[in-house]
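# Residue-level structural notes
Residues per chain, in single letters:
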Amino acid sequence: MRQVAILGSTGSIGVNTLDVIRAHPDRFQVVALTAGKQVDRLAEQCAEFRPAIAVVSDAEDAARFEKLLCDQNIDTQVMYGPQALVSAVTESGCDTVMAAIVGAAGLVPTLAAAKAGKRVLLANKEALVMSGNLFMEAMKLGGGELLPIDSEHNAIFQCLPVQFTKTPHSNLGVEELWLTASGGPFRNTPLEQLNTITPEQACAHPNWVMGRKISVDSATMMNKGLELIEAFWLFGLPLEKIKVLIHPQSVVHSMVRYRDGSVIAQLGQPDMRTPIAYGLAWPDRIDAGVAPLSLTQLASLSFAEPDLERFPCLALAFEAAKAGGTAATVLNAANEIAVAAFLDEGLPYLQIPAIVEKVLHAIPAVNADSIELILDIDEQARAVAREHAQASIKNH
């Protein structure tokens with residue numbers, strides 16, 4: 001019986017994780033749940049799964065949350081704040097951690113899970129984007145297992161030999177990794193119409209049901225840029241051997257090309273429960289509750305090179321990946337601020353890559369050798385991005 005802590009249980013990944021766990025009560029027990037502001041949903045989850053620990057963001061939410069639990073006679077321990085996220089990992093008795101907090105907030109508890117030797121189910125890109133070398137070292141020292149949950153990286157993991165995931169640089173004939181991308185809702189939108197895009201349009205992903213921030217990242221393809229950096233750290237191949245392909249149908253989740261000419265792909269429905277179930281039960285395979293894929297019902301599968309003029313965020317991610325060090329931290333922080341300003345403050349859509357580029361060029365990359373330095377650079381980048389975002393909104 002695996003003891004599972006879910007960091008970010010009220011988001012789409014967290015909800016899907018609980019859906020898989022619900023179907024397999026003989027295999028998994030939930031011991032910790034954490035959420036940001038969705039206190040009512042978290043209370044419902046606690047009523048069903050009875051975790052030992054539940055974490056919310058601040059004291060005010062904690063007081064309201066405790067009352068909700070008390071009214072239902074639920075004896076879950078309530079904690080709050082950033083340090084409590086670490087406690088959910090280290091004090092709950094978990095052996096498996098679903099790292100699904102979106103953004104930089106998930107970095108510290110995910111690192112804590114790595115250091116503690118847990119099985120880390122990584123759905124938080126930022127742990128690797130911001131601190132790839134530190135995180136991989138922490139995993140090595142902790143001696144736990146790292147299983148990627150992003151559909152693309154999970155697909156690659158499934159397509160690689162088992163030995164490769166343990167020794168990435170061994171001579172197993174892996175030539176290239178191909179990350180597929182849907183291209184989002186605007187892959188065919190005339191370029192001159194992009195500046196009038198609304199948050200509602202950007203969040204209407206054609207294939208996947210996701211949170212608002214990641215939906216915008218998919219539309220700009222920053223999501224794929226972050227995944228490129230993540231794949232570099234996860235699989236140990238040089239950047240020039242990691243490619244991105246537009247694949248609108250979202251059926252082929254990613255591919256591996258081998259030296260002998262073979263290409264191995266993982267196919268499936270666009271449903272996150274498949275990679276979640278794979279990570280939870282690995283090396284076993286369990287029912288994920290996902291409908292079977294019927295290839296005979298697919299009209300076609302198409303692939304194309306990404307247009308970097310249409311998707312400048314992808315080009316910026318390539319630039320940051322090549323620069324190394326803290327460049328990816330700056331990229332991620334600037335993007336988070338720009339996307340939030342687009343969603344909530346009226347920043348024009350095309351200003352997202354413009355702001356990311358300005359911040360990326362304003363803060364020089366240095367060696368990312370400590371978590372303190374990374375978090376400091378992250379704050380600097382956010383401050384600069386906020387200034388640019390406010391100026392852009394004012395001038396719009």
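Please refer to the structure higher up on the page.
A brief report on the enclosed structure follows. (Residues numbered from 1 in each chain as written. Predicted model: local features only at pLDDT ≥ 70, side-chain atom pairs only at ≥ 80, totals over all residues. Heavy atoms only, no water.)

## Notes on the pattern of salt bridges
Note the cut-off: Every case where a carboxyl oxygen of Asp or Glu lies within 4 Å of a side-chain nitrogen of Lys or Arg is listed as a salt bridge. Each helix is a run of DSSP H or I of at least 4 residues and each strand a run of E of at least 2, with the numbering of both proceeding from the N terminus. Exposure is judged per residue with a 1.4 Å probe applied to protein chains only, and the accessible area is read against the type maximum: over 50% gives exposed, under 20% gives buried, and values in between give partly exposed.
In total, this model carries 24 salt bridges according to the counting rule given. Note that Asp150 is salt-bridged to Lys125, the shortest N-O span being 2.8 Å. Placement of the pair is Asp150 in the loop between β7 (145-148) and α7 (151-159) and Lys125 in the loop between β6 (119-122) and α6 (126-142), with a sequence separation of 25 residues. For the pair Asp150 and Lys125, one class covers both residues: buried. Beyond isolated ion pairs, a larger network of salt bridges with shared partners links Asp19, Arg22, Glu48, Asp271 and Arg273.

## Observations regarding the environment of Ile197
Note the threshold: Whether two residues touch is decided by their heavy atoms; if any such pair falls within 4.5 Å, the residues are in contact.
If you trace the backbone, Ile197 turns up in the loop between β8 (174-181) and α9 (199-202). Linking Ile197 and Thr17, residues 180 residues apart in sequence, is a C-alpha distance of 32 Å. Apart from the residues lying within four places of it in its own chain, the contact partners of Ile197 are Phe186, Ala202, Phe342 and Tyr349.

## Some points on the environment of Glu126
The topology assignment puts Glu126 in helix α6. Judged by relative accessible area, Glu126 falls into the buried class, the value being 4%. C-alpha separation for the pair Glu126 and Glu230, spaced 104 residues apart in sequence, amounts to 8.4 Å. Not counting chain neighbours up to four residues away, the residues in contact with Glu126 comprise Ile101, Val102, Gly103, Ala104, Leu107, Ser131, Lys213, Asn332 and Glu336.

## A word on helix α2 (residues 39-49)
Which entries qualify depends on this criterion: Arc definition: directions from the helix axis to the C-beta atoms.
Those residues of α2 that fall on the buried side of the exposure criterion are Val39, Leu42, Ala43, Gln45, Cys46 and Phe49. Each buried residue of α2 lies within a common arc of 160° when the element is viewed along its axis, so the set occupies one face. Elements that come into contact with the buried residues of α2 comprise α1 (12-22), β2 (28-34), β3 (53-56) and α3 (59-71). Arg50 occupies a position one or two residues after α2 and carries a positive phi of about 50°.

## Notes on the pairing of β2
Defined as follows: DSSP bridges decide pairing: two strands pair if at least two such bridges lie between them. Orient the strands so they point away from the viewer, and a crossover whose first-strand-to-second-strand path over the helix runs clockwise is right-handed.
The buried count for β2 comes to 6 of 7 residues, which makes it a mostly enclosed element. Pairing between strand β1 (residues 2-7) and β2: 6 bridges, direction parallel. Within β2, the residue paired with Arg2 across the bridge is Phe28. Each parallel crossover has a hand, and the one from β1 via α1 to β2 is right-handed. Across 3 bridges, the pairing between β2 and β3 is parallel. Across the sheet, the residue bridging to Leu33 is Ala54, located in β3. Of the crossover connections in this fold, the one passing from β2 over α2 to the parallel β3 is right-handed.

## Considering the sheet that holds strand β9 (residues 242-246)
Test applied: Helix axes are fitted to C-alpha atoms over the stretch in contact, other axes to C-alpha atoms as well, and angles between N-to-C directions run from 0 to 180 degrees.
Strand order in the open sheet formed by 4 strands is β9-β8-β10-β11, with mixed pairing between adjacent strands. Looking at strand neighbours, the two that pair on one side only are β9 and β11 (263-267), the edges of this open sheet. For this sheet, the mean angle separating the axes of adjacent strands, direction not counted, is 20°. Sheet topology places β8 next to β9; 5 bridges connect them, and they run parallel. Pairing of Leu179 across the sheet is with Val244, part of β9.

## Points about unusual backbone geometry
A cis amide bond, omega 10°, links Trp282 with the succeeding residue Pro283. Among the structural elements, Pro283 can be located in the loop between α12 (273-281) and α13 (312-323). Within the chain, Arg50 stands out as a residue other than glycine whose phi angle is a positive 50°. On the basis of relative accessibility, which here comes to 44%, the residue Arg50 falls in the partly exposed class. Phi is positive for Met221, close to 70°, though the residue is something other than glycine. Among the residues examined, Met221 registers a relative accessible area of 2% and is labelled buried.

## Points about the packing of aromatic side chains
Quick reminder of the rule: Ring pairs are drawn from Phe, Tyr and Trp, using the six-membered ring of Trp, whenever the two centres fall within 6.5 Å, and their geometry is named by plane angle: stacked under 30 degrees, edge-to-face over 60, tilted for the rest.
Counted according to the given criterion, the structure contains 5 aromatic pairs. When the centroid spacing of 5.0 Å and the interplanar angle of 75° are considered together, the rings of Phe232 and Trp233 count as edge-to-face. With a centroid separation of 5.6 Å and an interplanar angle of 65°, the aromatic rings of Phe342 and Tyr349 are classed as edge-to-face. Assigned by exposure class, Phe342 and Tyr349 land together as buried. Among the aromatic residues, those joined into a cluster by ring pairs are Phe157, Tyr278 and Trp282.

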